[in-house]
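Residues per chain, in single letters:
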Amino acid sequence: MPRVSVLTPIYNTDHQHLKECIESILNQTYKDFEFLILNDSPDNKEIEKIVKSYKDKRIIYVKNEKNIGISASRNKLLKLSKGEYIAIFDHDDVSLPTRLEEQVKYLDEHPDIGLVSSFTEHFYGNKVIYISDYPEYDVDIKIMLTYDSSIAHTASMLRKDILIKNDIEYESFYSPAEDYRLWYRLMKVTKFYNIQHVLVRYRMHDSRTSIKQKVAMSLGHKNIVLEIRNEYPAYYDEMKKNYDKQTIFRLSLFGKLPLFKIKRNWIWLFGCLPIFKIKWEY
């Protein structure tokens, strides 16, 4: 039985992106995993050929008879998985070589933590656009969840038994914000942690679901925010108290040189010079 199940649904994925995704997992320093790839675009024979071209026994390829959507596909992968730990990974991103090793080590050493994720490096083509950094500890992550998702889904690893014991799965009603809804369900049953450096490179392109389904994403996000604030008013109160102190966006040149950041209600030039104040809804 593999310790880790890496779950990747694919849907008409760009061929080069898919190859980079697959190879980033096969080249992990941690080796005890199965790699489940589910094709939700069954008529696309080319991406099937790409997956089958890799002769690695850890790859388990599955194809839906018809398109069933992202949430149903993720749930199907969860049911097929055999690992103690579930590593979520999207079909167009790139995992750094030590991703699985670092996350398994952290979960092994911290049995009270049910989910671990990391920073993500957003890139477009060959250029790094910015780094998404997230709160480190459970309480800060949950406070931030009353405003926005503070866990990178594509970089997350969680204990499968928590999902089983609490009957938690992805909910299609909230797609394409099904990951944010999952965090809400998990808030009451486990603790979170974000490793404070990049373990996954997040590919930015015009075909991402978050762009193509922008309205549905916004509506799903709004519903989840309201549910979290209603159930966790103390976290929301703390969020409002610290609103002006928190950075919600940072843009760096070459991923290293700070250009500007949005720190609650202010835009800061070079990360340190406040240039003007904005109205920001929370």
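The written sequence of each chain sets the order in which its residues are numbered from 1. Since the coordinates come from a predicted model, pLDDT governs what is reported: local features require at least 70, and pairs of side-chain atoms require 80 or more to be given and counted, while whole-chain, interface and lining totals use all residues. The side-chain values count all of the structure's non-hydrogen atoms but skip hydrogen atoms and water molecules.

K.L.:
So, the overall build of the protein chain: which residues are in play, and what are the values?
P.N.:
Counting secondary structure elements, the protein chain contains 10 helices and 13 strands. When the 282 residues of the protein chain are sorted by exposure, 51% land in the buried category. For the protein chain, the exposed surface amounts to about 14200 Å²; the carbon and sulfur share of it is 55%. Helical segments are the DSSP runs of H or I of at least four residues, strand segments are the runs of E of at least two, and each set is numbered from the N terminus. Any residue under 20% of the maximum accessible area for its type is buried, any over 50% is exposed, and the rest in between are partly exposed; the area is computed with a 1.4 Å probe on protein chains only. Note on areas: Shrake-Rupley with a 1.4 Å probe; residue coverage comes only from the protein chains shown.

K.L.:
An account of unusual backbone geometry is requested, with residue identities and associated values reported.
P.N.:
Note: most peptide bonds trans; most residues except glycine with negative phi. Note the cis peptide between Ser-175 and Pro-176, where omega equals 5°. Here Pro-176 shows up in the loop between helix 6 (160-165) and helix 7 (178-187). For Asn-12, which is not glycine, the phi torsion reads 45° and is therefore positive. What makes Asn-12 partly exposed here is its relative accessible area of 44%. Phi at Asp-167 takes a positive value of approximately 55°, unusual for a residue other than glycine. Counting through the fold element by element, Asp-167 comes out in the loop between helix 6 and helix 7.

K.L.:
If you had to explain helix 3 (residues 70-80) to someone new, which residues and values would you point to?
P.N.:
The complete set of buried residues in helix 3 reads Ser-71, Ser-73, Arg-74, Asn-75, Leu-77 and Leu-78. Should any heavy atoms of two residues lie within 4.5 Å, those residues are counted as being in contact. Taken together, the buried residues of helix 3 touch strand 1 (4-10), strand 2 (33-39), strand 4 (85-88), helix 6 and helix 7.

K.L.:
Residue-level account of the environment of Leu-219, with values.
P.N.:
Counting through the fold element by element, Leu-219 comes out in helix 9 (residues 214-231). Given a relative accessible area of 51%, Leu-219 falls into the exposed group. Leu-219 sits 43 residues away from Pro-176 along the chain, and the two C-alpha atoms are 9.6 Å apart.

K.L.:
Please provide a residue-by-residue account of the nonpolar core, values included.
P.N.:
Membership of the largest hydrophobic core comes to 37 residues, with the highest contact counts inside it found for Val-4, Val-6, Ile-22, Phe-35, Ile-59, Leu-100 and Met-157. Residues contacting Ile-59, with those up to four places away along its chain left out, are Ile-22, Leu-26, Phe-35, Ile-37, Val-51 and Tyr-54. Buried Ala, Val, Leu, Ile, Met, Phe, Trp, Tyr and Cys residues that are joined via side-chain atoms within 4.5 Å together make up what is termed a nonpolar core. Core analysis: the second largest hydrophobic core is formed by 30 residues, Ile-141, Leu-163, Tyr-180 and Met-187 among them.

K.L.:
Any chance you could break down empty space enclosed by the protein for me, citing the residues and the numbers?
P.N.:
The definitions used throughout rest on a 1 Å grid laid over the protein atoms alone, on which a cavity is an enclosed set of points accommodating a 1.4 Å probe that cannot get out and a pocket is an open set flanked by protein within 12 Å on both sides along at least five of seven lines; lining residues are those having an atom within 4 Å of a point. Grid points are joined across faces, edges and corners, and a volume is the space filled by probe spheres set on the points. Evaluated as defined, the whole model comprises one cavity of 30 Å³ or more. Counted as a void, the largest cavity has a volume near 30 Å³. Residues of the lining of the largest cavity, tallied by class, amount to five nonpolar, no polar and one charged. Polar here means any residue outside two lists: the nonpolar Ala, Val, Leu, Ile, Met, Phe, Trp, Tyr, Cys and Pro, and the charged Asp, Glu, Lys and Arg; Gly therefore counts as polar.

K.L.:
Would you mind going over the pattern of salt bridges in detail, with residue names and values included?
P.N.:
Should a side-chain nitrogen of Lys or Arg be within 4 Å of a carboxyl oxygen of Asp or Glu, the pair is scored as a salt bridge. Inspection of every chain in the model, using the stated rule, returns 21 salt bridges. Two residues, Lys-240 and Asp-237, come together in a salt bridge whose shortest N-O distance is 3.8 Å. Here Lys-240 pairs with Asp-237, and both are found in helix 10 (residues 233-241), just three residues apart, close to one helical turn. For Lys-240, a relative accessible area of 35% translates into the label partly exposed. Through salt bridges with shared partners, one network takes in Glu-171, Arg-181, Arg-185 and Glu-227.

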